[in-house]
Amino acid sequence: MSTPMVRAEGVRKHFGRLEVLKGIDLTVERGQVCCLLGPSGSGKSTFLRCINHLEKVDGGRLTVDGELVGYRQQGNKLHELREREVADRRRDIGMVFQRFNLFPHMTAVENVMEAPVKVSGVSRAGAREQAHALLDQVGLGDRGHHYPAELSGGQQQRVAIARALAMKPKLMLFDEPTSALDPELVGDVLDVMRRLAADGMTMVVVTHEIGFAREVGDTAVFMDEGVVVEAGDPRRVLVAPEQERTRAFLSKVL
Ligand code: ADP
Ligand code: MG
């Protein structure tokens, strides 16, 4: 077996006295899509933020591509990562949020070019060419010169996906990417994600789109109150769940 892209073993996180993650176990293999579901407040976003170094894990073990998140191993000693090292690691992980967070004063192409030029030192010409190709890939080849305010929510979200892909991440995290969209715009965004999955991208997707999770997910993980209640093949977990809590949740979102 190759090293999993994400492995969580007993991952814990608390904010003050509030325990948000109470020992999360979860594995995402390379090229797989893991869909995370669960009621609001169950710790899904916190878990994604831990993977992406936006929150610090308090206990357990969390590795991305075999490397312990937040630490560098030297011999058998662990050193906490410096800010620069954290930035280096984060570069390999793309994240897409519920709100698109595009730079409002930049066109779609400029949004997608920004990180490769500023962070990776790619030439403007090279970054522009790549941005056009990525916008093509998300079905926005003809919208490159538009500003975010001139695009629909679904189009903005697809630009946000292209922007994340511009850094050639090895892992993509999606935190309810379609929750803020009008229903008629959801399909195009899910189609882009479906194609990305088919192309072999490793993805962790927090979503309430049960259909997407069932069709595209390799695993579905149902979380509640900071624990994994049930995990496995989405065609089982989301169709014939074993746990009462999973059943209750599904009956609400379906
Ligand atoms: P979900 O994404 O499943 O809705 P979250 O991970 O956003 O859940 O939140 C889980 C719990 O942690 C919630 O009770 C939330 O209020 C709390 N929480 C999240 N971030 C913070 C923070 N920075 N400080 C304090 N509490 C937080
Ligand atoms: Mg959330």
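Everything quoted here is computed from the prediction, not taken from an experiment.

### Points about the packing of aromatic side chains
Here's step 1: A complete count under the given rule lists one aromatic pair for this structure.
Here's step 2: Aromatic pair Phe222 and Phe249: ring centres 5.2 Å apart, planes at 40 degrees, arrangement tilted. Taken as a pair, Phe222 in strand E11 (residues 219-224) and Phe249 in helix H9 (residues 244-253) lie far apart in primary sequence, 27 residues in all. The pair formed by Phe222 and Phe249 is uniform in burial state, with each residue classed as buried.
Here's step 3: Between Arg163 and the ring centre of Phe103, over which it is positioned, the NZ or CZ distance is 5.2 Å.

### What to know about the confidence of the model for the chain
Here's step 1: Within the chain, residue pLDDT values average 96, and 100% of them lie at 70 or more.
Here's step 2: As scored by the predictor, the complex reaches a pTM of 0.97 and an ipTM of 0.98.

### Notes on the nonpolar core
Here's step 1: Counting 50 residues, the largest nonpolar core has Leu135, Ile161, Met172, Phe174, Met193 and Met203 as the members making the most contacts within it.
Here's step 2: At eight residues, helix H6 (residues 183-198) tops the list of elements feeding residues into this core.
Here's step 3: With residues up to four places along the chain from it excluded, the contact list for Phe174 reads Leu48, Val96, Ile161, Met193, Leu196, Met203, Val204, Val205 and Val206.
Here's step 4: Core analysis: the second largest hydrophobic core is formed by 26 residues, Ile24, Leu26, Phe47 and Val69 among them.

### Observations concerning the site of ligand 1
Here's step 1: Lining the immediate environment of ligand 1, one finds Phe15, Leu18, Val20, Pro39, Ser40, Gly41, Ser42, Gly43, Lys44, Ser45 and Thr46.
Here's step 2: The separation between an oxygen atom of ligand 1 and a polar main-chain atom of Gly41 is 2.7 Å.
Here's step 3: Gly43 is positioned such that a nitrogen or oxygen atom in its backbone is 3.0 Å from an oxygen atom of ligand 1.
Here's step 4: Every element with two or more residues in the shell around ligand 1 is listed here: strand E2 (18-28) and helix H1 (44-51).
Here's step 5: Sort the elements by how many residues they give to the shell around ligand 1 and H1 lands first, with three residues.
Here's step 6: By residue class, the composition of the shell around ligand 1 is four nonpolar, six polar and one charged.

### Focus on the packing of helix H3 (residues 108-118) against helix H5 (residues 153-165)
Here's step 1: In the contact formed by H3 and H5, the axes pass within 8 Å of each other and the chain directions differ by 25 degrees. Taken together, the axis directions place H3 and H5 in an arrangement best described as roughly parallel. Note on packing geometry: the crossing formed by H3 with H5 is right-handed. In contact with Ala108, Asn111 and Val112 of H3, H5 contributes Val159, Ala162 and Arg163.

### A look at the packing of H5 against H6
Here's step 1: In contact at an axis separation of 8 Å, H5 and H6 are set at 20 degrees when each is read in the N-to-C sense. As the angle between them shows, H5 and H6 are arranged roughly parallel. Judged by the twist between their axes, the crossing of H5 over H6 is right-handed. Taking contact as the criterion, the partners of Gly153, Gly154, Gln157, Arg158, Ile161 and Leu165 in H5 are, on H6, Leu185, Asp188, Val189, Val192, Met193 and Leu196.
Here's step 2: Here the contact of H5 with H6 is composed, by residue class, of seven nonpolar, three polar and two charged.

How each quantity is defined
Residue numbering note: each chain is counted from 1, following its sequence as written. Written order determines the labels here, with chains lettered from A and ligands numbered from 1. Whole-chain, interface and lining totals are the exception, using all residues; otherwise, since this is a predicted model, local features are given only for residues with pLDDT of at least 70 and side-chain atom pairs are given and counted only at 80 or more. The side-chain numbers reported here are obtained from all heavy atoms of the structure, hydrogens and water having been left aside. When the centres of two rings from Phe, Tyr and Trp lie within 6.5 Å, Trp using its six-membered ring, the rings pair. Their planes under 30 degrees apart give stacked, over 60 give edge-to-face, and anything left gives tilted. Helix and strand assignments follow DSSP, with helices taken as H or I runs no shorter than four residues and strands as E runs no shorter than two, numbered in order from the N terminus. Between buried and exposed lies partly exposed: a residue is buried under 20% and exposed over 50% of the maximum accessible area for its type, with that area taken using a 1.4 Å probe on protein chains only. A ring has a charge above it when a Lys NZ or an Arg CZ is no more than 6 Å from the ring centre and no more than 35 degrees off the ring normal. Values of pLDDT, ranging from 0 to 100, describe the predictor's confidence in every residue of the model. Here, nonpolar core means buried Ala, Val, Leu, Ile, Met, Phe, Trp, Tyr and Cys residues that are tied together by side-chain atoms lying within 4.5 Å of each other. Contacts were defined at the residue level, with two residues in contact if any of their heavy atoms lie within 4.5 Å. It suffices for a single heavy atom of a residue to lie within 4 Å of a molecule or strand for the residue to be listed as near it. Contacts described as polar in this section are N or O atom pairs within 3.5 Å, which, within protein, must combine one atom able to donate a hydrogen with one able to accept it, while residues neighboring in sequence count only if both atoms come from side chains. Here the term charged refers only to Asp, Glu, Lys and Arg, the term nonpolar to Ala, Val, Leu, Ile, Met, Phe, Trp, Tyr, Cys and Pro, and the term polar to all other amino acids, Gly among them. Axes here refer to lines fitted to C-alpha atoms; in helices the fit is confined to the stretch in contact. Angles between the N-to-C directions go from 0 to 180 degrees. The scheme is simple: roughly parallel for angles under 35 degrees, roughly antiparallel for over 145, roughly perpendicular for 65 to 115, oblique for anything else. Should the near helix be turned anticlockwise from the far one by less than a right angle, the crossing is left-handed, and should it be turned clockwise, the crossing is right-handed.

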